[in-house]
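Examining the three-dimensional arrangement
Take a look at the letters that make up each chain.
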Amino acid sequence: MTLPTPKPGILKIEPYKQGKYATAAGARCIKLSSNENPYGPSPKALEAYRQASAELHRYPDGSCAALREAIAEVHGLYPDKIVCGAGSDELLGLLIHAYAGPGDEVLFPEHAFLMYKIYTLSSGATPIEAPEKNLRADVDSLLAKVTDKTKLVLLANPNNPTGSYLTDTELQRLRDGLPPHVILAIDAAYAECVIAEDCPDGSRLAGSAENTVMMRTFSKVYGLPALRLGWMYGPAAIIDVMNRARSPFNVSSVAQITGIAAVRDTAYTAEQRRLNGTQRDSLTDEVSALGWHVYPSEGNFILVDFQTADTAAAMNAHLLARGIYVRDVKAYKLPQCLRITVGTPEENAAVLEAMAEFMAQAA
Ligand SMILES: Cc1ncc(COP(=O)(O)O)c(C=O)c1O
């Protein structure tokens, strides 16, 4: 008897493990494992969410017209060049599946977001990783890996979990060095956290090139990961392909209505950017003062290097025992590191206290 067999590539996938979140009832839990906004969404978005329940018996607008209008207005973009999705994850998967398949290659930096590899494998294409320099994507090493099979280059700017980024000049050099038929997908999931003036979100390139897209999410600074909402901006031909490939009602009306209020509350977004930046700086300074190397980050997380995998695992166990959940990044080939989401001042203080305690015990 011949049993059902999945397409080649599927069984090579190591399933994505989300940040630890379950806790014993009543136990203290400080969740810094999934790069969420500890303050949650804008009160205006929450109010819109409550009101959205009035229309649950109707299908959503499959084209997300009002949401695309709002995004376009706030960001100074064209609504027709936007497609919305159930998280930027969905859009990333659709893009890879639409443009790459068996025999094709999808290229990304060696410490890239794990979903890049997962979607590449599920499309049947081959993932190709380009070495980084000091945990930063490297334009020359990416270009050196391009072959006539390359269909897409994926780059998070800034990147998760390293927090590093390419400047606009570097992104342009990457684009200029790629053949025109290769799509450059710039994943700006953390764009709303960025303070550095030379860290672009990719919208300039996505708005001007015929082969470059930018992806954004409402899961991070907007504080709405449970809703599953993201968007892509790019040339009309690619957006058309995405609209053909997506399911007709891929974004719920609740997500659309809440997303409109969230994106329009620019004062809240600015305040969250400021709060995250301040807390990220002080967390970086204080963890560094304890003697650990912290990689500079433009995201809502820091990556701490504990020098050995054993020390990182022991520190993780120590934090876990105190109800503090951070992310081990072994799957990102960084077993000596832990990624810590920037929390509230109280949460960050608890992390620092627990780390100092660990070091006192080890001394
Ligand atoms: C770089 C990067 N891209 C995309 C995503 C996925 O975001 P979403 O919740 O919109 O699917 C994440 C989430 O962690 C991320 O870190």
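Residues numbered from 1 in each chain as written. Predicted model: local features only at pLDDT ≥ 70, side-chain atom pairs only at ≥ 80, totals over all residues. Heavy atoms only, no water.

1. What to know about the nonpolar core
Across soluble globular proteins, nonpolar side chains show a tendency to be buried alongside one another. Formed by 37 residues in total, the largest nonpolar core has its most connected members in Leu95, Leu154 and Met232. Secondary structure elements with two or more residues in this core: helix H3 (87–99), strand E3 (105–109), helix H4 (114–123), strand E5 (150–156), strand E6 (183–187), strand E7 (212–217) and helix H8 (236–245). At 6 residues, H4 tops the list of elements feeding residues into this core. Domain assignment of the residues forming this core places at least three in each of domain 1 (18–40 + 267–362) and domain 2 (43–264). Those residues in contact with Leu95, other than ones at most four positions away along the chain, are Leu152, Ile183, Ala185, Val213, Met232, Ile238 and Met242. By size, the runner-up hydrophobic cluster in this structure holds 27 residues, among which are Ala45, Cys64, Leu224 and Tyr233. (Core = buried A, V, L, I, M, F, W, Y, C linked by side-chain atoms within 4.5 Å. Buried < 20%, exposed > 50% of the residue type's maximum accessible area, 1.4 Å probe, protein only. Helix = DSSP H or I, 4+ residues; strand = E, 2+ residues; numbered from the N terminus. Domains from an automatic or database assignment. Contact = heavy atoms within 4.5 Å.)

2. Digging into the site of the ligand
Taken together, 13 residues lie near the ligand, and Ser88, Asp187, Tyr190, Thr217 and Ser219 sit nearest. Interatomic distance of 2.6 Å between a side-chain N/O atom of Asp187 and a nitrogen atom of the ligand. Arg228 is positioned such that a nitrogen or oxygen atom in its side chain is 2.8 Å from an oxygen atom of the ligand. For the ligand, whose free accessible area comes to 400 Å², the fraction covered by protein is 93%. (Near = heavy atom within 4 Å. Polar contact = N/O pair within 3.5 Å; in protein donor to acceptor, adjacent residues only side chain to side chain. Areas by Shrake-Rupley, 256 points an atom, 1.4 Å probe, with all protein chains shown as cover.)

3. Looking at helix H2 (residues 65–75)
Buried within H2 we find Leu67, Arg68, Ala70, Ile71 and Ala72. The inward-facing, buried residues of H2 abut strand E2 (82–85), strand E8 (230–233) and helix H9 (253–264). Backbone geometry just after H2 places Gly76 at a positive phi near 70 degrees.

4. Observations concerning the packing of aromatic side chains
For the coordinates displayed, the defined rule picks out 7 aromatic pairs. Pairing Phe113 with Tyr116 gives two aromatic rings, centres 5.8 Å apart and planes at 85 degrees, and the pair type is edge-to-face. What makes Tyr116 buried here is its relative accessible area of 0%. A centroid spacing of 5.1 Å and a plane angle of 75 degrees characterise the contact between Tyr190 and Phe301, whose relative ring orientation is edge-to-face. Linking Tyr190 in the loop between E6 and helix H7 (203–208) with Phe301 in strand E10 (residues 301–305), this pair joins segments that are 111 residues apart in sequence. Taking the relative accessible area as the measure of exposure, Tyr190 reaches 4% and is therefore buried. Grouping aromatic residues by their ring pairs yields a cluster made of Tyr16, Phe108, Phe113 and Tyr116. Note that Arg339 overlies the ring of Phe301, its terminal NZ or CZ placed 5.9 Å from the centroid. (Phe/Tyr/Trp six-rings, centres within 6.5 Å; stacked < 30°, edge-to-face > 60°. Lys NZ or Arg CZ within 6 Å of the ring centre and 35° of its normal.)

5. Focus: the domain arrangement of the protein chain
The domain boundaries assigned to the protein chain delineate domain 1 (18–40 + 267–362) and domain 2 (43–264). Counting residues at the interface gives 26 residues for domain 1 and 31 residues for domain 2. Here domain 1 packs against domain 2, burying approximately 2,200 Å² in sum over the two surfaces, 59% of which is carbon and sulfur. By the criterion of area lost to domain 2, the three top residues of domain 1 are Arg273, Glu298 and Tyr332, representing 33% of everything that side buries. Counting every contact that joins domain 1 to domain 2 gives 1 salt bridge. (Buried area = accessible area lost by both parts, 1.4 Å probe. Salt bridge = Lys/Arg side-chain N within 4 Å of Asp/Glu carboxyl O.)

6. Looking at the sheet that holds E10
Across the sheet, which stays open at both edges, the 4 strands sit in the order E9-E10-E13-E12 with antiparallel pairing between neighbours. If you trace the sheet from one side to the other, it starts and ends with strand E9 (293–295) and strand E12 (327–328), each paired once. In this sheet, E10 lies alongside E9 in antiparallel orientation, the contact comprising 3 bridges. Its bridge partner being in E10, Tyr295 is matched across the sheet by Leu303. (Pairing = 2+ DSSP bridges.)

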